[in-house]
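What the coordinates show
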Amino acid sequence: MTVGTAAKPGHLDALGRITLALLVFDGFLCAVLSVLFLPSYIGATPFPISILVAAVVNLALVIAARSTTGRIGAGVLPLAGWGAGFLLCMVGGPGGDVLVLASVSTLLLLFGALVPAAVYLWKVSAKAAFRSVSPSEREGTR
């Protein structure tokens, strides 16, 4: 039995729910911080390291959410938190300030942060679907 799961598979106890909520909040926080640090420079050279950091952090959050719940679908929740944070940064502030600029680095951040975690979830769900097929169905019924 994994930490945070109750006796029934797919059901979370209070600790598991709190952990999952914190992982979703971490995804939200990752989006806001990656947008804030996107226009970073080293000297006069643009250095958008936040794209790589967001990719690694989102992948770690998805793996943690999946291992906490034991369900593949729960891994999407931190990505939903990241998306909500990214959309919030796209909304203009009271003075018309916008954090997300129309640039190539913003598009790279969007794809770089979401694609590795989405590929991981797709790979895990494909393995689970292949395992659920019986051996006779894989070989073809005769």
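For the structure, see preceding data.
All figures in this text were calculated on a predicted structure; none of them were measured in a lab.

What counts and how
Residues numbered from 1 in each chain as written. Predicted model: local features only at pLDDT ≥ 70, side-chain atom pairs only at ≥ 80, totals over all residues. Heavy atoms only, no water. Helix = DSSP H or I, 4+ residues; strand = E, 2+ residues; numbered from the N terminus. Buried < 20%, exposed > 50% of the residue type's maximum accessible area, 1.4 Å probe, protein only. Contact = heavy atoms within 4.5 Å. Areas by Shrake-Rupley, 256 points an atom, 1.4 Å probe, with all protein chains shown as cover. Expected span 1.5 Å × (residues − 1). Bend = angle between axes of the 7 residues up to and from the residue. Phe/Tyr/Trp six-rings, centres within 6.5 Å; stacked < 30°, edge-to-face > 60°. Core = buried A, V, L, I, M, F, W, Y, C linked by side-chain atoms within 4.5 Å. Polar contact = N/O pair within 3.5 Å; in protein donor to acceptor, adjacent residues only side chain to side chain. Patch = residues over 30% accessible without salt bridge, like charges linked within 9 Å, V, L, I, M, F, W, Y side chains within 5 Å. Salt bridge = Lys/Arg side-chain N within 4 Å of Asp/Glu carboxyl O.

**Things to note about the overall build of the protein chain**
- Along the backbone of the protein chain there are 5 helices and 2 strands.
- Within the protein chain, the proportion of its 142 residues that are buried is 28%.
- Restricting the contact set of the protein chain to residue pairs at least 6 apart, pairs at least 24 apart contribute 69%.
- Here the protein chain displays about 8900 Å² of accessible surface, and carbon together with sulfur accounts for 73% of that area.

**Thoughts on helix α4 (residues 104–132)**
- Under the 1.5 Å per step criterion, the end-to-end length of α4 is 41 Å for 29 residues, consistent within 8% with the ideal 42 Å.
- Where α4 bends most, at V115, the angle is about 30°, and the proline P116 comes one to four residues later.
- Looking at the packing, one finds that the buried side of α4 touches α1 (14–36), α2 (50–69) and α3 (76–90).

**A word on the side chain of T106**
- Along the chain, T106 falls in helix α4.
- In contact with T106, not counting residues within four places along its chain, are L38, F86, V100 and L101.

**Things to note about the packing of aromatic side chains**
- Applying the stated criterion to the full structure yields 2 aromatic pairs.
- For the ring pair F25 and F28, a centre distance of 6.4 Å and an interplane angle of 25° mean the geometry is stacked. Here F25 and its partner F28 are both found in helix α1, 3 residues apart, which amounts to about one turn of the helix.
- Relative to F86, the ring of W82 has its centre 5.2 Å away and its plane inclined at 10°; by these criteria the two rings are stacked. Of this pair, W82 and F86 both sit in helix α3, separated by 4 residues, roughly a single helical turn.
- Assessed through its relative accessible area of 6%, F86 is described here as buried.

**Some details on the nonpolar core**
- Counting residues in hydrophobic clusters, the biggest one holds 13 residues, and the most contacted among them are V35, A54, W82, F86, C89, V100 and L109.
- Mapped onto this core, the elements with two or more residues apiece are α1, α2, α3 and α4.
- It is α1 that provides the largest number of residues to this core, a total of 4 residues.
- Not counting the four nearest positions on each side in its chain, C89 is found in contact with V32, V35, V98, L99 and V100.

**A word on the environment of C30**
- In this structure, C30 sits in helix α1.
- Distance from C30 to F86, taken between C-alpha atoms, is 9.1 Å for residues 56 residues apart in sequence.
- Once residues within four sequence positions are removed from consideration, C30 is found in contact with A54, V57, N58 and W82.

**A closer look at the side chain of T69**
- On the secondary structure map, T69 appears in helix α2.
- Within the local environment of T69, its side chain forms a polar contact with the backbone oxygen of A65, the two atoms lying 3.0 Å apart.
- At 3.2 Å, the side chain of T69 and the backbone nitrogen of R71 are in polar contact.

**So, a nonpolar patch on the surface**
- There is a patch of nonpolar side chains on the surface, built from I42, F47, I49, L52, V53, V56 and V57 and spanning about 600 Å² of accessible area.
- Its place among the elements puts V57 in helix α2.

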